[in-house]
Amino acid sequence: MKKTAYVTKEKAEEIASVFPTPYLLYDEKGIRQNLSAINEAFAWNRGFREYFAVKANPNPFLLKIMKENGCGLDCSSYTELMLAEQLGFSGERIMFSSNDTPAEEYEYAYRLNGTINLDDITHIDFLEGILGGRELPETMSCRFNPGGLFEMSNGIMDNPGDSKYGMTKEQIREAFRRLKDKGVKHFGIHAFLASNTVTNDYYPELAGILFGLARELSESLNVHISFINLSGGVGIPYRPEQEPNDILAIGRGVEKKYKEILEPAGMGDVAIYTEMGRFVTGPYGALVTRAIHEKHIYKEYIGCDACAVHLMRPAMYGAYHHITVLGKEDEPCDYKYDVTGSLCENNDKFAVDRMLPKIEKGDLLFIHDAGAHGYSMGYNYNGKLKCAEILLKEDGSFELIRRAETPKDYFSTFDCFPEYAGLAK
Ligand SMILES: *Cc1c(COP(=O)(O)O)cnc(C)c1O
């Protein structure tokens, strides 16, 4: 599918005249339409809820949009729980899917009445130790890892046997048995088996596995399974030649498995939960950066004012992010460039050997699909500062939703040392 930018060069320049590049720009209309489509796709399931994975994009202004659309939040750290509390998410709208979890984070999730999703069987004792006599929550969830290879008929595969998450089948059975003995009344099952799947079959296939397990555990242990959490993993087409996922088809695929496996077992009250991050905001965020240098050595380079600090996926995973040169949408792509950031790291390249229109210094580049795992993954290497985040509204107006960092932010953790406190001022 042809990838197009959701701003014109004129609009991007107008924004840049107020908030200098680089900046991350979010498309509010796109996010809202997508959330509606997700809710519609699972409307057949009475208890359905998307728990947006905060790690994908922890901006409170965006999390507020999630809240308005009925979503909960999937948190996995102390600060993510703080966001949920600050934004007024009630306990039933907080999923705590962490791993290698520190005690104070379990304590906080418990205090907020969030649903705790245990990553390991040993965490039952760990949690009880923290609670020190207080009762376990009535509803608890466990994360399942089937081990081995997860392979789908279309060739997509991942390697759960090599992943640190979740419990084996024997462990999850034992965990449910013990939790039931300790008074837990309602159970959830969670699993995340493959990342960034661009196929309508992933959720239905995962649902088939988890519904089968739910039925087995419900029958053999006589426990009430109240929800199945399909977690994240629904991907987006980073490349123009990829066919985007159809969330309505995905919802129908899960419904079919539900009717086949759960309903005949009298389990028609099981709620479906999802914890999508990438699919919800990924395509509706872009990094807008200006070309500030061109360099001709053994290859042609365009240097821009953004770097991996603002979008790390290309440097970290060699990930493809499509680039539109604003104002040159219809020009032929007959120049081959490496598009680079300024880090002293040769992998700081947004594109390698990319065919693009001829780029002049001053051109604005729109780097697509930076709305999830973009800002949140960034770091401060080379002392580079993180950029502003801006929300483009449905009426074309725009609003700053996080200011750019300043040197003061970078040095703020020296504020307790008198000899360096000046840097933090
Ligand atoms: C990362 C993560 C998600 C979100 O994954 P996406 O691929 O962004 O949808 C959901 N749940 C858990 C537990 C995760 O770790």
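From a predicted model like this one, the values you see are computed outputs, not experimental measurements.

1. Some words on the packing of helix H2 (residues 28–41) against helix H3 (residues 60–68)
Then step 1. The contact between H2 and H3 brings their axes to 10 Å, and the two run at 30°. Regarding the angle of H2 to H3, the classification is roughly parallel. Pair H2 / H3 crosses with right-handed handedness. Contacts between H2 and H3 pair Glu28, Ile31, Arg32 and Leu35 from the former with Leu62, Ile65, Met66 and Glu68 from the latter.
Then step 2. Here the contact of H2 with H3 is built from residues that sort into five nonpolar, no polar and three charged.

2. Points about the side chain of arginine 354
Then step 1. You can see arginine 354 is positioned in strand S16 (residues 349–356).
Then step 2. Ignoring any residue separated from it by four or fewer positions in sequence, one finds arginine 354 in contact with Tyr320, His321, His322, Ile323, Tyr335, Lys336 and Tyr337.

3. Points about the site of the ligand
Then step 1. What surrounds the ligand is a group of 15 residues, the closest being Lys55, Glu275, Gly277, Arg278 and His373.
Then step 2. One nitrogen or oxygen atom from the side chain of aspartate 74 is found 3.1 Å from a nitrogen atom belonging to the ligand.
Then step 3. Note that a nitrogen atom of the ligand is positioned 2.7 Å from one of the side-chain N or O atoms of glutamate 275.
Then step 4. Its free accessible area being 390 Å², the ligand has 91% of it covered by the protein chains.
Then step 5. For the shell around the ligand, the per-class residue count stands at three nonpolar, seven polar and five charged.

4. Some remarks on the domain arrangement of the protein
Accessible area lost upon the coming together of the parts serves often as the stated size of an interface.
Then step 1. Assigned domains of the protein: these are domain 1 (28–281) and domain 2 (283–414).
Then step 2. Of the residues lining the interface, 23 residues belong to domain 1; the matching set on domain 2 comes to 21 residues.
Then step 3. Buried area between domain 1 and domain 2, both sides added, is near 2000 Å², and the carbon and sulfur share of it is 57%.
Then step 4. Summed over the shared surface of domain 1 and domain 2, the result is one salt bridge.
Then step 5. At the boundary of domain 1 and domain 2, one finds nine residue pairs in polar contact (both at pLDDT 80 or more).
Then step 6. Of all the secondary-structure elements, those providing two or more residues to the side of domain 1 that touches domain 2 are H2, H3 and helix H10 (278–281).
Then step 7. When the residues that make up the side of domain 1 that touches domain 2 are grouped by side-chain class, the tally is eleven nonpolar, six polar and six charged.

5. Observations concerning H3
Side chains three or four residues apart in an α-helix point the same way, a direct result of the helix having 3.6 residues per turn.
Then step 1. Here H3 has its buried residues at Leu62, Leu63, Ile65 and Met66. One side of H3 holds all its buried residues, which, seen down the axis, span an arc of 150°.
Then step 2. The N-cap residue of H3 is asparagine 59: its side-chain oxygen and the backbone nitrogen of phenylalanine 61 are 2.8 Å apart.
Then step 3. Two residues or fewer after H3 comes glycine 70, characterised by a positive phi angle close to 85°.

6. A short note on the environment of aspartate 415
Then step 1. Mapped onto the elements of the fold, aspartate 415 is located in the segment after helix H12 (407–410).
Then step 2. Separated by ten residues in the primary sequence, aspartate 415 and lysine 425 have C-alpha atoms spaced 8.1 Å apart.
Then step 3. In this structure, aspartate 415 is in contact with Ala421 and Ala424, ignoring residues within four places of it in sequence.

7. A look at the nonpolar core
Then step 1. If you look at the biggest cluster of nonpolar residues, it comprises 106 residues, and the most contacted ones within it are Leu118, Phe176, Ile189 and Ile228.
Then step 2. A per-element tally of this core places helix H8 (residues 202–221) first, with ten residues.
Then step 3. Shared between two domains, this core takes at least three residues from each, and those domains are domain 1 (28–281) and domain 2 (283–414).
Then step 4. Excluding residues within four positions of it along the chain, leucine 118 makes contact with Tyr106, His123, Ile124, Leu127, Met140, Ser141, Cys142, Arg143, Met167 and Leu179.

8. Observations concerning the pairing of strand S19 (residues 398–402)
Each regular strand carries side chains that alternate between the two faces of the sheet.
Then step 1. By the bridge criterion, four bridges tie strand S18 (residues 388–392) to S19 in an arrangement that is antiparallel. Considered in S19, the bridge of leucine 391 is made with glutamate 399.
Then step 2. Counting the residues that bridge the hairpin from S18 to S19 gives five residues, and of these glycine 396 lies at a positive phi of roughly 90°.

9. Quick notes on a negative patch on the surface
Then step 1. A contiguous patch of negative charge on the surface is contributed by Glu10, Glu329, Asp330, Glu331 and Asp334.
Then step 2. On the basis of relative accessible area, aspartate 334 is assigned to the partly exposed category, the value being 48%.

10. Some details on unusual backbone geometry
Then step 1. The residue after threonine 21, namely proline 22, is reached through a cis peptide bond having omega -5°.
Then step 2. Inspection of the secondary structure puts proline 22 in the loop between helix H1 (9–18) and strand S1 (23–27).
Then step 3. Even without being a glycine, asparagine 113 presents a positive backbone phi close to 60°.
Then step 4. Relative to the assigned elements, asparagine 113 resides in the loop between helix H5 (103–111) and strand S5 (115–118).
Then step 5. Residues other than glycine seldom take positive phi values, yet aspartate 369 does so here, at roughly 60°.

11. Section: the pairing of strand S6 (residues 139–143)
Then step 1. For S6, the tally of buried residues reaches four of five residues, placing the bulk of the element in the interior.
Then step 2. One ladder, built from two bridges, connects S5 with S6; its direction is parallel. Within the sheet, the bridge partner assigned to leucine 118 lies in S6 and is cysteine 142.
Then step 3. With helix H6 (residues 123–131) bridging S5 and its parallel neighbour S6, the resulting β-α-β unit is right-handed.
Then step 4. Sheet topology note: the S6/strand S9 (residues 186–190) ladder contains five bridges and is parallel. Within S9, the residue paired with arginine 143 across the bridge is histidine 190.

12. Some points on the side chain of threonine 281
Then step 1. Examined against the element boundaries, threonine 281 turns out to sit in helix H10.
Then step 2. On the basis of relative accessibility, which here comes to 0%, the residue threonine 281 falls in the buried class.
Then step 3. Among the polar contacts listed, one links the side chain of threonine 281 to the backbone oxygen of glycine 371, at a separation of 3.0 Å.
Then step 4. Once you skip the residues sitting within four places of it in the chain, threonine 281 turns out to touch Ile31, Phe52, Asn57, Met66, Gly371 and Ala372.

What counts and what doesn't
Residues numbered from 1 in each chain as written. Predicted model: local features only at pLDDT ≥ 70, side-chain atom pairs only at ≥ 80, totals over all residues. Heavy atoms only, no water. Axes fitted to C-alpha atoms, helices over the stretch in contact; angles between N-to-C directions. Helix = DSSP H or I, 4+ residues; strand = E, 2+ residues; numbered from the N terminus. Parallel < 35°, antiparallel > 145°, perpendicular 65-115°, else oblique. Left-handed = near helix turned anticlockwise from the far one by under 90°. Contact = heavy atoms within 4.5 Å. Nonpolar A, V, L, I, M, F, W, Y, C, P; charged D, E, K, R; others polar. Near = heavy atom within 4 Å. Polar contact = N/O pair within 3.5 Å; in protein donor to acceptor, adjacent residues only side chain to side chain. Areas by Shrake-Rupley, 256 points an atom, 1.4 Å probe, with all protein chains shown as cover. Domains from an automatic or database assignment. Buried area = accessible area lost by both parts, 1.4 Å probe. Salt bridge = Lys/Arg side-chain N within 4 Å of Asp/Glu carboxyl O. Buried < 20%, exposed > 50% of the residue type's maximum accessible area, 1.4 Å probe, protein only. Arc of directions from axis to C-beta. Core = buried A, V, L, I, M, F, W, Y, C linked by side-chain atoms within 4.5 Å. Pairing = 2+ DSSP bridges. Patch = residues over 30% accessible without salt bridge, like charges linked within 9 Å, V, L, I, M, F, W, Y side chains within 5 Å. Lys, Arg positive; Asp, Glu negative; His and termini not counted. Charge placed at Lys NZ, Arg CZ, Asp CG, Glu CD. Right-handed = clockwise from strand over helix to strand, strands pointing away.

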